Amino acid sequence: MDGTTTPAATNRRIDGKRLWDSLMEMAAIGATPKGGVRRLALSGVDREGRDRFRALCEAAGLRVRVDGIGNMFARREGTDPGRPPVLFGSHLDSQPSGGKFDGALGVMAGLEVMRTLDDLGLRTEAPLELVNWTDEEGARFGRSLMGSGVWAGVYDPATVETAQDLDGTTVGAALDAIGYRGTEPARPFPADSYFELHIEQGPILEREGKQLGVVTGAQAQVWWDLVATGQDSHAGTTPPDARRDALVCAARVVDLVDRMMRARGDAGRGTVGQMQVLPNSRNVIPGEVRFTAEFRHPDEAEIGRLAVQFPREAGFIARDCGVRLELTELLRMPAQPFDPACVDLVRQASARLGYSTREIVSGAGHDAVYVARHVPTAMIFTPCKDGLSHNEAESIEPGEAAAGCQVLFEAVVARACGMADHSGRGVPQR
Ligand SMILES: [Zn+2]
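Here goes a summary of the coordinates provided. (Residues numbered from 1 in each chain as written. Predicted model: local features only at pLDDT ≥ 70, side-chain atom pairs only at ≥ 80, totals over all residues. Heavy atoms only, no water.)

### Digging into the overall build of the protein
Quick note on the threshold: Helix numbering and strand numbering both begin at the N terminus, where a helix is a DSSP run of H or I of at least 4 residues and a strand a DSSP run of E of at least 2. Note that the radius of gyration is over C-alpha atoms, with the globule rule given as 2.2 Å times the number of residues to the power 0.38. Working rule for contacts: check all heavy atoms of both residues, and any pair within 4.5 Å makes them a contact. All accessible-area figures derive from a Shrake-Rupley calculation using a 1.4 Å probe, and residue coverage is judged against the displayed protein chains alone. When charges are counted, Lys and Arg contribute as positive and Asp and Glu as negative, whereas His and the chain ends are disregarded. For charged residues, the charge sits on one atom: NZ in Lys, CZ in Arg, CG in Asp, CD in Glu.
Across its full length, the protein holds 12 helices and 16 strands. Over its C-alpha trace the protein gives a radius of gyration of 24 Å, about what one expects of a compact globule, namely 22 Å for 430 residues. Principal-axis analysis of the C-alpha atoms places the extent of the protein at approximately 85 × 45 × 45 Å. When contacts within the protein are restricted to residue pairs at least 6 apart in sequence, long-range pairs at least 24 apart make up 80% of them. Counting only carbon and sulfur atoms, one obtains 49% of the accessible surface of the protein, whose full area is about 17800 Å². Computed over 48 positive and 59 negative side-chain charges, the inter-centroid distance for the protein is 1 Å.

Written out as structure tokens, the structure is:
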């Protein structure tokens with residue numbers, strides 16, 4: 001930090017109104033009649049959002065560069081050229097009928113952090129980089145956390161580039177079409193830390209009347225595709241003992257998922273979200289049902305147990321129903337704890353500013369989860385109305401946005417002005 005003294009944390013205020021205005025400015029790009037946004041990744045509307053973001057960053061004196069998967073990094077130099085940057089940001093793409101704040105909050109709050117530093121005439125020791133990750137939502141190309149996933153080495157760039165949307169447009173073609181295929185390779189570079197402010201997308205903070213969530217990590221997940229195969233037969237002529245009803249089997253498996261979830265108390269999550277019944281005729285006993293199942297839990301060991309228990313118990317149900325059940329495990333994601341020192345900065349800043357908080361494990365996937373594989377990471381959650389997200393009615397209060405942004409500011413400045421250790425932690429091994 002320039003100067004000999006660091007001003008007291010509470011004297012450095014972000015501008016809540018300017019933050020809100022910038023959120024509304026971004027929300028106008030791809031605005032839907034019901035008050036949400038439709039800014040699908042790498043679409044023309046996404047380009048508009050990106051162009052606007054770039055212009056706002058350049059107006060704030062930031063240098064913007066773009067990597068090979070379209071991730072945008074807006075840099076503010078520090079006083080110590082030897083230090084790796086403190087990163088912060090989120091994503092500007094949205095679901096097809098998404099809300100104004102999912103992702104945009106973290107990006108525009110990051111811009112507000114930069115603008116506040118300008119207002120205060122402060123230069124941090126470490127450089128700062130505000131990130132807009134490409135295609136967090138996965139709504140268009142079917143791969144969520146795409147930009148951060150490629151950057152972190154979770155996804156192979158060549159494979160991702162050929163992924164297609166429903167019209168057959170590839171990621172590579174879409175990047176070229178909007179002019180956001182950058183020259184810098186998308187891979188981890190040495191960074192001090194990463195902070196992401198995001199709406200909770202769930203009801204816990206609001207229910208408990210907390211202003212902010214101190215996110216300690218993301219939960220482990222396991223996903224399956226299931227196919228139950230019985231026999232199509234006449235609804236009127238087939239007696240009970242002759243039925244091999246694939247839908248009865250699937251329905252009992254849905255109940256099994258719910259029971260296994262509830263047996264794990266408050267932390268349990270288990271969902272069957274998709275089901276296709278064949279032949280789907282009112283007078284035919286269903287011979288085939290294709291469906292999905294997933295469990296999530298903060299404790300990875302619990303997911304390990306579920307990954308064994310669920311297929312076994314689902315198998316017993318299928319046998320009872322005279323149905324063949326195939327399970328394919330699609331994805332097993334480990335729990336991702338965030339960096340204790342970064343999480344503590346968020347905790348301390350919130351306490352110093354007098355905000356009520358709660359420690360929370362992220363139920364959703366976020367770019368931060370992949371970034372955390374290479375860079376010490378923490379997240380801040382703000383409540384959202386009725387816990388509603390991925391919905392045009394998604395809503396937060398200006399004061400909630402400002403509180404989250406203020407904590408982001410404090411955490412970033414603390415980290416960038418000398419609280420980082422210089423042991424090289426956070427520098428990825430090439
Ligand atoms: Zn998001």
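That was the structure; now back to the text.
### Observations regarding the pattern of salt bridges
Pairs can form between side chains of opposite charge whenever their charged atoms are close. Applied cut-off: Definition used for salt bridges: Asp or Glu carboxyl oxygen within 4 Å of a side-chain nitrogen of Lys or Arg. Relative accessibility decides the category of a residue: with a 1.4 Å probe and only protein chains considered, values under 20% of the type maximum give buried, values over 50% give exposed, and everything between is partly exposed.
Evaluation of the coordinates by the stated rule reveals 30 salt bridges. Taking the shortest distance from any N to any O, the salt bridge between arginine 18 and glutamate 112 comes out at 2.8 Å. One end of the pair, arginine 18, is in helix H1 (residues 16-27); the other, glutamate 112, is in helix H3 (residues 104-120), with 94 residues separating them in the sequence. Overall, arginine 18 belongs to the partly exposed group, its relative accessible area being 22%. The residue arginine 352 makes a salt bridge to glutamate 410 at a minimum N-O spacing of 3.8 Å.

### Section: the packing of helix H2 (residues 44-59) against H3
For clarity, the cut-off: Between N-to-C directions, angles span 0 to 180 degrees; the directions come from axes that are lines fitted to C-alpha atoms, helices contributing only their stretch in contact. By definition in this entry, angles of less than 35 degrees are roughly parallel, angles greater than 145 are roughly antiparallel, angles of 65 to 115 are roughly perpendicular, and the rest are oblique. Whether a crossing is left-handed or right-handed is set by the direction in which the near helix is turned from the far one by less than a right angle, anticlockwise for left-handed and clockwise for right-handed.
Put simply, H2 and H3 touch, their axes get as near as 10 Å, and they point 10 degrees apart. When the axes of H2 and H3 are compared, the pair comes out roughly parallel. H3 is crossed by H2, and the crossing has left-handed handedness. Note on element contacts: H3 touches H2 through Val107, Met108, Leu111 and Arg115, opposite Phe53, Leu56 and Cys57.

### What to know about the environment of arginine 76
The condition that has to hold: Here a polar contact means two N or O atoms within 3.5 Å. Within protein one must be a hydrogen donor candidate and the other an acceptor candidate, and residues neighboring in sequence count only if both atoms are side-chain atoms.
Inspection of the secondary structure assignment puts arginine 76 in strand E2 (residues 72-76). The residues touching arginine 76, leaving out its near neighbours within four places in the chain, are Leu62, Met114, Leu117, Asp118, Leu122, Arg123, Thr124, Pro127 and Leu128. Only 2.8 Å separates the side chain of arginine 76 from the side chain of aspartate 118, close enough to count as a polar contact. Polar contacts involving the side chain of arginine 76 include one to the main-chain carbonyl oxygen of leucine 122, which spans 2.9 Å.

### Comments concerning the coordination of the zinc ion
Spelled out, the test is: For Na, K and Ca the donor cut-off is 3.2 Å; for every other metal, N, O and S atoms count as donors within 2.8 Å. Water does not enter the count, which can leave sites looking incomplete.
Every protein donor of the zinc ion is listed here as His91 (NE2), Asp102 (OD) and His198 (NE2), and their distances to the metal cover 2.0 to 2.2 Å. For aspartate 102, a relative accessible area of 6% puts it in the buried group. The class of histidine 198 is buried, set by a relative accessible area of 1%.

### Thoughts on the nonpolar core
The test is simple: To define a nonpolar core, start from buried Ala, Val, Leu, Ile, Met, Phe, Trp, Tyr and Cys residues and group those joined through side-chain atoms within 4.5 Å.
Grouped together as the largest cluster of nonpolar side chains are 101 residues, with contacts concentrated most on Leu23, Leu42, Phe88, Val171 and Phe195. The element best represented in this core is helix H12 (residues 398-419), accounting for 13 residues. The residues touching leucine 23, leaving out its near neighbours within four places in the chain, are Phe101, Ala104, Leu105, Met108 and Ala401. In terms of nonpolar packing, the next biggest core, distinct from the first, is built from 28 residues, Trp224, Met260, Val289 and Ala307 among them.

### Looking at the packing of H1 against H3
Quick reminder of the rule: For this scheme, ten residues count as nonpolar: Ala, Val, Leu, Ile, Met, Phe, Trp, Tyr, Cys and Pro. Four count as charged, namely Asp, Glu, Lys and Arg, and the remainder, Gly too, count as polar.
Closest axis-to-axis distance for the H1/H3 pair is 9 Å, and the angle between their directions is 140 degrees. One element, H1, and the other, H3, form an angle in the oblique class. H3 is crossed by H1, and the crossing has right-handed handedness. The segment H1 lies against H3, with Arg18, Leu19, Ser22, Leu23 and Met26 engaging Ala104, Leu105, Met108, Ala109, Glu112, Arg115, Thr116 and Asp119. In terms of residue class, the contact of H1 with H3 is made up of seven nonpolar, two polar and four charged.

### What about the pairing of strand E16 (residues 377-382)?
Looking along a regular strand, one sees the side chains alternate between the two faces of the sheet. Short version of the rule: At least two DSSP bridges between two strands are needed for those strands to be called paired.
The buried fraction of E16 is high, at six of six residues. Residues Thr377, Met379 and Phe381 point to one face of E16 and Ala378, Ile380 and Thr382 to the other, with burial holding for every one of them. Alignment of strand E6 (residues 212-218) against E16, held across three bridges, turns out to be antiparallel. Bridging from a neighbouring strand, valine 214 pairs with isoleucine 380 of E16.

### Some points on unusual backbone geometry
Excluding glycine, residues mostly carry a negative phi; peptide bonds, for their part, are mostly trans. In this model, leucine 278 is joined to proline 279 through a cis peptide bond whose omega is 0 degrees. By secondary structure assignment, the location of proline 279 is in the loop between strand E10 (275-278) and strand E11 (284-285). Of note in the backbone geometry, aspartate 135 takes a positive phi value of approximately 45 degrees without being a glycine. With respect to the helices, strands and loops of the structure, aspartate 135 is situated in the loop between strand E4 (128-133) and helix H4 (146-151). Looking at aspartate 135, the relative accessible area reads 1%, which means it is buried.

### Regarding the packing of aromatic side chains
For the record, the criterion: Centres within 6.5 Å are what make two rings of Phe, Tyr or Trp a pair, Trp counting through its six-membered ring; a difference in plane orientation under 30 degrees is then read as stacked, over 60 as edge-to-face, and the rest as tilted.
Throughout the structure, instances matching the rule amount to 10 aromatic pairs. Pairing phenylalanine 73 with phenylalanine 189 gives two aromatic rings, centres 5.3 Å apart and planes at 70 degrees, and the pair type is edge-to-face. Of this pair, phenylalanine 73 sits in strand E2 while phenylalanine 189 sits in the loop between helix H6 (171-178) and strand E5 (193-199); the two residues are 116 residues apart in sequence, bridging distant segments of the chain. Since its relative accessible area comes to 0%, phenylalanine 73 is described here as buried. Look at phenylalanine 189 and you get buried, because its relative accessible area is 11%. A ring pair is formed by tryptophan 224 and phenylalanine 295, whose centres lie 6.1 Å apart and whose planes are at 85 degrees; its orientation type is edge-to-face. Of this pair, tryptophan 224 sits in strand E7 (residues 220-229) while phenylalanine 295 sits in strand E12 (residues 288-297); the two residues are 71 residues apart in sequence, bridging distant segments of the chain.

### Concerning helix H8 (residues 246-262)
How we decide: For a helix, the expected span equals 1.5 Å multiplied by the number of residues minus one. Arc definition: directions from the helix axis to the C-beta atoms.
Compared with an ideal rise of 1.5 Å per residue, which puts 17 residues at 24 Å, H8 spans 25 Å between its outermost C-alpha atoms and is within 8% of the ideal. Residues Ala246, Cys249, Ala250, Val253, Leu256, Val257, Met260 and Met261 constitute the buried set of H8. When H8 is viewed along its axis, its buried side chains cluster within an angular range of 130 degrees and face the same direction. With a side-chain oxygen lying 2.9 Å from the backbone nitrogen of leucine 247, the N-terminal cap of H8 falls on aspartate 245.

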